[in-house]
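# Chains, contacts and geometry: an overview
Here is what each chain is made of, one letter per residue.
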Amino acid sequence: MSAEFAGLSGLRGRLTRWLRGSGPSQAADDGREALLLAAAGAGLPLAPAAHPAADYRCSCDRVGCPTPARHPVSFAWQTQSTTDRAQIERWARHQPQANFITATGMTHDVLDVPLEAGREALDRLLGAGVEVGPVAESDDGRLLFFTLTRGTPEDEDEWWPCELDCHPETMDEHPGLRWHCRGSYVLIPPARLPGDDHRSVYWVRGPEHPLPDPLSLLETLTDACARHVEAFGL
């Protein structure tokens, strides 16, 4: 067995133990911390987030939390988000159960699509030789495509807010697609989701892949989402 393969297998094993909530072991923290630092090293700003608690609850203890284990722990998450290695190490070690979010619209955006549509689109994009950046899969049924940010265009009509599918006038054009940009965030791998089945958010393609222009992926993603909606009668 090569040293590289052995190291990768060991990292996966440590992460599996952490994702299963087996306790804040140092070995598990090492693997989690390495992935968080890799994301920050790729320019993705991070901030601590809530994590799953017993009985499907959220660690924030808010009664009826609408997004358990999926939201930042601080209202100041946008200014708190950072790529600073030392700060992320401190957070990871002092909050061994915490998930982390990455704030979008600073250096990157995220195109968030239904899982099956995303898988279809990913196969088509790779088959066509399109440069696809980091991609994460969430066990709650979403695929996340990380791209360069569109920033803050001078013409506000050119700015598309998060959750395009929440607006009736965009449903036909962008069914099921959420564009996380300015003022939004997503969970960054590795992250744990509530439930008894060890659901998680994990990399399909890691942050070592360069971020592409979002417009290079958009047509393929919206086309796949439209077929997904039609096929399932959504």
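Residues numbered from 1 in each chain as written. Predicted model: local features only at pLDDT ≥ 70, side-chain atom pairs only at ≥ 80, totals over all residues. Heavy atoms only, no water.

Summing up its helical and strand segments, the protein chain has six helices and nine strands in all. When each of the 234 residues of the protein chain is scored for burial, the buried share is 47%. Nonlocal contacts in the protein chain, meaning residues at least 24 apart in sequence, comprise 74% of its contacts between residues at least 6 apart. For the protein chain, the exposed surface amounts to about 11700 Å²; the carbon and sulfur share of it is 52%. (Helix = DSSP H or I, 4+ residues; strand = E, 2+ residues; numbered from the N terminus. Buried < 20%, exposed > 50% of the residue type's maximum accessible area, 1.4 Å probe, protein only. Contact = heavy atoms within 4.5 Å. Areas by Shrake-Rupley, 256 points an atom, 1.4 Å probe, with all protein chains shown as cover.)

Right, let's talk about helix H5 (residues 115-127) for a bit. An α-helical turn contains 3.6 residues, so any two residues separated by three or four positions project in the same direction. When the terminal C-alpha atoms of H5 are compared, their 18 Å separation across 13 residues agrees well with the 18 Å that a helix rising 1.5 Å per residue should span. Here H5 has its buried residues at Leu115, Ala117, Gly118, Ala121, Leu122 and Leu125. Projected down its long axis, H5 shows its buried positions confined to an angular sector of 150°, all on one face. Exposed residues lying more than 90 degrees from the buried face of H5 are Asp123 and Gly127. (Expected span 1.5 Å × (residues − 1). Arc of directions from axis to C-beta.)

Our focus in this paragraph is the pairing of strand S5 (residues 142-148). Across the seven residues of S5, six count as buried, placing the element largely inside the fold. Pairing of strand S3 (residues 108-114) with S5, which is carried by seven bridges, proceeds in the antiparallel orientation. Within S5, the position partnered with Val110 by the bridge is Phe146. Between strand S4 (residues 135-138) and S5, which pair antiparallel in sequence order, lie three residues; one of them, Gly141, sits at a positive phi of approximately 100°. (Pairing = 2+ DSSP bridges.)

As a further point, take the sheet that holds strand S6 (residues 178-180). Judged by pairing direction, the sheet is antiparallel, and its six strands sit side by side in the order S6-S3-S5-S4-S9-S8 without closing on themselves. Across the chains shown, the open sheet's two edge strands, defined by having one partner strand only, are S6 and strand S8 (191-192). The sheet contact formed by S8 and strand S9 (residues 200-205) spans two bridges and is antiparallel. Bridge pairing in S9 links Arg192 to Ser200. Packing against the sheet, H5 makes contact with S3, S4, S5 and S9, and its axis sits at approximately 45° to S5. (Axes fitted to C-alpha atoms, helices over the stretch in contact; angles between N-to-C directions.)

With that out of the way, let us pick up the state of the cysteines. Should the sulfur atoms of two cysteines be covalently bonded, the bond is a disulfide. Under the defined criterion, the tally for this structure stands at zero disulfides. There is no disulfide at Cys65, and the cysteine sulfur nearest it, in Cys60, is 3.9 Å away. (Disulfide = S-S within 2.5 Å.)

On the secondary structure map, Gln95 appears in the loop between helix H4 (85-94) and strand S2 (99-103). Residue contacts for Gln95: discarding those within four places in its chain leaves Arg32 and Pro48.

Here Pro189 and Pro190 are connected by a cis peptide whose omega angle stands at -5°. By the element assignment, Pro190 lies in the loop between strand S7 (185-188) and S8. One non-glycine residue, Ala69, lies in positive phi territory at about 65°. Residue placement: Ala69 occurs in the loop between strand S1 (46-49) and helix H3 (77-80). Under the relative-accessibility criterion, Ala69 is labelled buried at 0%.

Attention shifts here to the pattern of salt bridges. Going through the model one piece at a time under the given rule, you end up with eleven salt bridges. Asp140 is the partner of Arg70 in a salt bridge, and the nearest nitrogen-oxygen pair spans 3.4 Å. Pair noted here: Arg70 is in the loop between S1 and H3 and Asp140 is in the loop between S4 and S5, with a separation of 70 residues, a long-range link. Owing to a relative accessible area of 22%, Arg70 belongs among the partly exposed residues under this scheme. Among the residues examined, Asp140 registers a relative accessible area of 35% and is labelled partly exposed. Asp223 is paired through a salt bridge with Arg227; the nearest N and O atoms lie 2.4 Å apart. Here Arg227 and Asp223 lie together in helix H6 (residues 215-232), a separation of four residues that amounts to about one turn. (Salt bridge = Lys/Arg side-chain N within 4 Å of Asp/Glu carboxyl O.)

Our next topic: the confidence of the model for the protein chain. Per-residue pLDDT for the protein chain has a mean of 83; in total, 75% of the residues score no lower than 70. Segment residues 22-27: pLDDT under 50, and seven contacts once partners within four positions in sequence are set aside and those in other chains are kept. (pLDDT = per-residue confidence, 0-100.)

Attention shifts here to the packing of aromatic side chains. In this structure the tally under the stated criterion is three aromatic pairs. Pairing Trp77 with Tyr185 gives two aromatic rings, centres 4.9 Å apart and planes at 75°, and the pair type is edge-to-face. Placement of the pair is Trp77 in helix H3 and Tyr185 in strand S7, with a sequence separation of 108 residues. The class of Trp77 is buried, set by a relative accessible area of 11%. When its relative accessible area of 24% is taken as the criterion, Tyr185 is described as partly exposed. (Phe/Tyr/Trp six-rings, centres within 6.5 Å; stacked < 30°, edge-to-face > 60°.)

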